Structure formats: structure tokens, C-alpha cells
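# Architecture and fold: a report
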Amino acid sequence: MLTKDLLRYRIQKGKIYPQFVDPTDSKLLAIADQLISMFEESQGKPRATILEASKHVIDTTSGQLIVKRGFEKLLLDCTEFDTAPNEELIAFRHKLFTETSRMLSQEQFQNYADYQQKVSQIAGKEGALEGKEVGDRLYADLPNCQPVLSFKRISAEHLLHRYNTAQVQGLLLHCNTLTLVLTESMTAELRQLFKYLRFNQLLSTIRKEKTANEDLFHITVDGPLNLFYKTKRYGMNLANFFVAVLHQPKWELTAEIQFRNKQSCRLFLDDSCGIKPISQQFLAYIPEDIQLFQEMLRNKTDAWQIHPGSQFLPLPGDFYCFPDYQLIHTSGVKVAIELFHPWHQGHLLARLNTLAEHTDTPLILGVSRELEKQQIIADALSESVYFSQFGFTFRDVPTMNSLLPILNSLVDMSG
């Protein structure tokens, strides 16, 4: 992900235009190759050494500095550094500081040279260190000293496409609302998009529109600036979601972007923007929370099977939802579960309103207890007849104690 100072864009007449690079530009591909080669040889080297070598490439090649620094940032994101706490070093530092503090309080140092000598003597008991080596060891776990564990190699062309993707992602971190228009022609890809939406805990309003030639899905997602709860995390999730949009064969994206103390401006992109997908399709991976949920269900009952949500559920008024889970009973009864996390206030209120007169919809609502703390939500839940029958609250993941009574009541109702 690129930081705001590395974003390239222009604003004209209320519209914002990200400045992409040409992924076939031979000069940029050559620079990217140099940087990638340098990172490939970084195994075991400290971060400071990598940054110094990267700076040399940046300073000695032609082209815009901001672009080359963007390449460097994305390659650093592909690099894993050893950030694990060094317990031996922490213990050494604590002992050294404790001992020197004691000596200072007793005024045992005559001058700075005497201080250095005695510190070296104390350190020497731990590792036979002298002079500058003491300082080097003391701060050997600072970020610049962290060694490289691995680097995930990418091609130069892929880096340029990743750079263009990151330009859009960086803007989406400052987004009020995002709207997608997708065709229904590629149903499998569409389902994968919604799985990625749910995986990133992003709720959306989904509306289907029939045209003369095809059916369109209009998907509206809140941006981080529309929220008051953990907006940074949500913004990252929304930015990551854009990666999945690139796998759609035909799409249009509109977003309202607003930087701090600035007027909002409109971002518009579609599948003609030229950015190729930078990731694999989101296919067989089953998130950890679903695996945990599946295991809890198996431990409680054999009558129900749970699967990740994979089907659109029609709602009144040509609206749809894409549930988190689908459960199937041995009798054939099917029911979906939609979870609402702390940042889903608006969507939950809309869903309760939609379902108020439609108790025959096979949808169970799970609401985060953190979200329930909001008075407007607590009041809405207490007043909702639908939620009293088909709703529950959860802390981190749903529990069987709260869910099974609802599932069993649905089986009884169907019988």
C-alpha cells in the first residue's frame, strides 16, 4: 500500500484522476528490474542495508522520484523482516541499564570516559563487548537493524500493475462511499467478488436492475470516512477489496474521495483503466473464523452442515444480500446467517427495516455486542419482532448456545 505522500493524482472540476504509469514503459521496467534484483539478494541483510542499496538505484536512474519511491515501498511490502522480540537482548539491556543507573545514583563515574569504560566492563560480563560494540548490541532490534527473512519475488511488469493498483487503493483510504456496477453475465466471478467483500467484513447494499440487454448489480459500500469505529482498519479492508474488483470482466467504480480539510471529489474507473489483476482469484480458501464455526457446530450437532455463503439471497424491493454462512439441515431446511460487525450500524438498521414485514425470509441476523452498545442499535434490536425470533448477538464469532435454539425453531416451523 502506498502512503499519501506517494500518491500521484490530479483534481479537475471536482473529479480526481489517479496518475498511472505505463506498464510497458521500457525505462520503468528496467528500474523495476534493478530494484527487484536488489531485493532478491537481500536475504539476511539488515533493513538499513537494503534501504541504502535501494536509494542508490533510485538516485542513479532517470525518472520521477515519487514513482521510484513508490516502487521501493511496494517491494518493502513484499519483504518479510525478522520483527520477533529478542528476549536475550531485552534481558541484556535491562541488566545494563539497571546496573548503570545504580552506579550513577552513587556517583561512581568521574567523567564520561570513565562512564564509557565501566559500561563496557558491565557489558563485557554479558558478551565480552567493547566500545562501539556496546551501542551496536544495545539497539540491534531497532527496525533498521532487522534482517530480511524472505522476499516474495514479482516480475517488473507485475510491479508496475501493482503500483497502479496501489494508486487507487491509496485514494480509497479517503473514501466516503463506493459504488460498483457489475454485469451478471459472469456469475461465478460475481460470487467470488462477494466472498471477498464478506471476507473483508464489508457490508453493502445490493440492488439488481434489469435493462434491455442485461441484468446489472448496483453495489454500494460505505467508505471509512462514513464511519466512527476503527476507520483505519476498515479503510485497509476496502482498499484490499479493490484487488478483487479487477477480476471482474466488466465493472464501473465510482467513489467520493475527500482528503482532510478538502472538498470531496469524484473518482470514476472502469475495466478499461488497463490495470491487470495482481492477485489470484479468491477461490478455495476458507477463512479461519468459518473453520472455527464449522468445528463448533460439529461438536454440538450432526443435524446441521455449515458452508461459506455462496448464493445471493433476494430481499423485498429488488434488493439482495450475500450472507456470511449457509446452513443446511438433514431435513432439507436451508437458512443463511448475516453478521453485522461494529462498523455496520447503517446496514443493520436498513436490514431490520427491510425485514420488519417479512418474517418468511430465511435469514438469521448476528449482531456484534460491540455494535449493540450503541443506543440506537440497542433500541432497534429491542423493538424488532424479526430480531427477537431470528437474531442473536456475538462477541468474536457466533456460539452454538445462541444459535442452535434459533436453528431448531426453524426446523419446527417447517415441520
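Computed from a predicted model, the values in this text were never measured in an experiment.

## Digging into the packing of aromatic side chains
- Per the stated rule, a full pass over the model turns up 6 aromatic pairs.
- Residues F242 and W251 carry aromatic rings whose centres are separated by 6.1 Å and whose planes lie at 85° to one another, so their mutual orientation is edge-to-face. With respect to burial, F242 and W251 carry one shared label: buried.
- Between F392 and F394, the aromatic rings sit 6.4 Å apart at their centres with planes inclined by 50°, giving tilted as the arrangement.
- A residue is classified by how much of its surface remains accessible, and F392, at 4% relative accessible area, is buried.
- Here the guanidinium or amino end of R10 rests over the ring plane of Y17, the centre of that ring lying 4.5 Å away.
- If you follow R47 out to its NZ or CZ, it ends over the ring of F81, 3.8 Å from the centre.

## Some remarks on the packing of helix α1 (residues 26-40) against helix α2 (residues 47-60)
- Remark: α1 packs on α2, axes separated minimally by 10 Å, with the N-to-C direction vectors making an angle of 160°. The orientation of α1 with respect to α2, classified from their angle, is roughly antiparallel. The way α1 lies across α2 gives a crossing that is right-handed. Facing α1, whose interface residues are Q34, L35, M38 and F39, α2 presents I50, A53, S54 and V57.

## A short note on the confidence of the model for the protein
- Per-residue confidence for the protein gives a mean pLDDT of 83, with 85% of residues at or over 70.
- Mean pLDDT per element in the protein: helix α5 (residues 112-127) is the minimum at 60, and helix α3 (residues 65-77) is the maximum at 97.

## So, the nonpolar core
- Membership of the largest hydrophobic core comes to 66 residues, with the highest contact counts inside it found for L172, L180, F241, F242, I257 and L267.
- Take this core: its biggest share by element is 8 residues, from helix α7 (residues 156-172).
- The residues contacting L180, other than those within four sequence positions of it, are L193, F217, H218, I219, F241, V245, E252 and L253.
- One finds L297, A336, L348 and I364 within the second-largest nonpolar core, a separate group that totals 39 residues.

## Comments concerning unusual backbone geometry
- One non-glycine residue, K13, adopts positive backbone phi at about 50°.
- Tracing the chain through its elements places K13 in the loop between β1 (9-12) and β2 (15-18).
- According to the relative accessible area criterion, K13 is exposed, its value standing at 80%.

How each quantity is defined
Residues numbered from 1 in each chain as written. Predicted model: local features only at pLDDT ≥ 70, side-chain atom pairs only at ≥ 80, totals over all residues. Heavy atoms only, no water. Phe/Tyr/Trp six-rings, centres within 6.5 Å; stacked < 30°, edge-to-face > 60°. Buried < 20%, exposed > 50% of the residue type's maximum accessible area, 1.4 Å probe, protein only. Lys NZ or Arg CZ within 6 Å of the ring centre and 35° of its normal. Axes fitted to C-alpha atoms, helices over the stretch in contact; angles between N-to-C directions. Helix = DSSP H or I, 4+ residues; strand = E, 2+ residues; numbered from the N terminus. Parallel < 35°, antiparallel > 145°, perpendicular 65-115°, else oblique. Left-handed = near helix turned anticlockwise from the far one by under 90°. Contact = heavy atoms within 4.5 Å. pLDDT = per-residue confidence, 0-100. Core = buried A, V, L, I, M, F, W, Y, C linked by side-chain atoms within 4.5 Å.

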